[in-house]
Amino acid sequence: EPEVTQTPSHQVTQMGQEVILRCVPISNHLYFYWYRQILGQKVEFLVSFYNNEISEKSEIFDDQFSVERPDGSNFTLKIRSTKLEDSAMYFCASSEDGNTIYFGEGSWLTVV
Amino acid sequence: EDKVVQSPLSLVVHEGDTVTLNCSYEVTNFRSLLWYKQEKKAPTFLFMLTSSGIEKKSGRLSSILDKKELFSILNITATQTGDSAIYLCAAHDEKLTFGTGTRLTIIP
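Conventions adopted
- Residues numbered from 1 in each chain as written.
- Chains lettered and ligands numbered in written order.
- Predicted model: local features only at pLDDT ≥ 70, side-chain atom pairs only at ≥ 80, totals over all residues.
- Heavy atoms only, no water.
- Pairing = 2+ DSSP bridges.
- Helix = DSSP H or I, 4+ residues; strand = E, 2+ residues; numbered from the N terminus.
- Axes fitted to C-alpha atoms, helices over the stretch in contact; angles between N-to-C directions.
- Salt bridge = Lys/Arg side-chain N within 4 Å of Asp/Glu carboxyl O.
- Buried < 20%, exposed > 50% of the residue type's maximum accessible area, 1.4 Å probe, protein only.
- Core = buried A, V, L, I, M, F, W, Y, C linked by side-chain atoms within 4.5 Å.

Engineer: With reference to specific residues and values, describe the sheet that holds strand E3 (residues 19-26) of chain B.
Structural biologist: Residues and elements named next belong to chain B. The five strands are arranged E1-E3-E8-E7-E6 in an open sheet whose pairing can be described as antiparallel. At either margin of the open sheet sits one strand with a lone partner, and together these are strand E1 (3-7) and strand E6 (56-58). On average, adjacent strands in this sheet sit at an angle of 15° to one another, irrespective of strand direction. Strand direction decides the pairing type here: E1 and E3, joined by five bridges, are antiparallel. Bridging from a neighbouring strand, valine 5 pairs with serine 24 of E3.

Here you go:
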């Protein structure tokens, strides 16, 4: 069964460093998303991406964050100048039609 | 502000029991209600509900939506230990707004 794949599964980074989280969405999907889940908290929406541009973003998704689809398969989330409070599980998700949304296994980011 | 509330927060039952998980929502431009199962990491898709009163079924799991009263329920019959997980519901407008989840534990 097709699935959303994410790398790395776990990354530890020092405060102030930049991280890039990578995602390969399901191949025929057109809608892409990033969500995050801080330990013990709800899953929160960060950004949605369609037709090579951001379609919606949350208040969390400020200038520190950016997304890119550098080629036909990858979808990346870049976090500049990481802070301790950026530590979370980051989920990539994709959808064929914008309705049924499938999640990847997540990338656990620890900022120290 | 969009809001999704799930109850109970936690539920412990014996194998073979039937459970009902609840989800109420308030979102501005509601499109659908999604249920996910989260075991270790990724939320795994279970159901998407768009219409009131139409039950969706998958094996021992079923779900229904009430758009008038703004809630959904997820039923699991003849529970098994493999059903132990956090069950998330999410209301979909332009984004998914998740509840805190119900942690279900099935005792053998």
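Engineer: Go over the pattern of salt bridges, please, and point to the residues and values.
Structural biologist: A full pass over the atoms with the stated rule returns five salt bridges over all chains. Among the salt bridges present, the one from glutamate 44 of chain A reaches arginine 36 of chain A, with a minimum N-O distance of 3.2 Å. According to the relative accessible area criterion, glutamate 44 of chain A is partly exposed, its value standing at 23%. When its relative accessible area of 9% is taken as the criterion, arginine 36 of chain A is described as buried. Two residues, arginine 60 of chain B and aspartate 83 of chain B, come together in a salt bridge whose shortest N-O distance is 2.8 Å. Highlighted residues: arginine 60 of chain B in the loop between E6 and strand E7 (61-66) and aspartate 83 of chain B in the loop between strand E8 (71-76) and strand E9 (85-92), separated in sequence by 23 residues. Residue classification places arginine 60 of chain B among the partly exposed residues on the basis of a relative accessible area of 25%.

Engineer: How would you sum up the nonpolar core? Please name residues and give values.
Structural biologist: Core analysis: the biggest nonpolar cluster contains 22 residues, and Trp34, Val67, Phe75, Leu77 and Tyr90 of chain A have the highest contact counts within it. Elements with a contribution of two residues or more to this core: strand E3 (19-24), strand E4 (31-37), strand E5 (43-50), strand E7 (65-68), strand E8 (75-79), strand E9 (88-95) and strand E11 (107-111) of chain A. With 21 residues, the next largest nonpolar core counts Val19, Leu21, Leu49 and Ala85 of chain B among its residues.

Engineer: Describe unusual backbone geometry, with residues and values.
Structural biologist: Following threonine 7 of chain A, the chain continues into proline 8 of chain A via a peptide bond in cis, with omega recorded as -10°. Assignment of secondary structure puts proline 8 of chain A in the loop between strand E1 (5-7) and strand E2 (10-13). Residues serine 7 of chain B and proline 8 of chain B are joined by a peptide bond in cis, for which omega reads -10°. Its place among the elements puts proline 8 of chain B in the loop between E1 and strand E2 (10-14). Positioned with a positive phi, asparagine 51 of chain A is a non-glycine residue whose angle comes to about 55°. When you line up the elements, asparagine 51 of chain A lands in the loop between E5 and strand E6 (53-57). Even without glycine at this site, serine 81 of chain A takes up a positive phi of about 45°.

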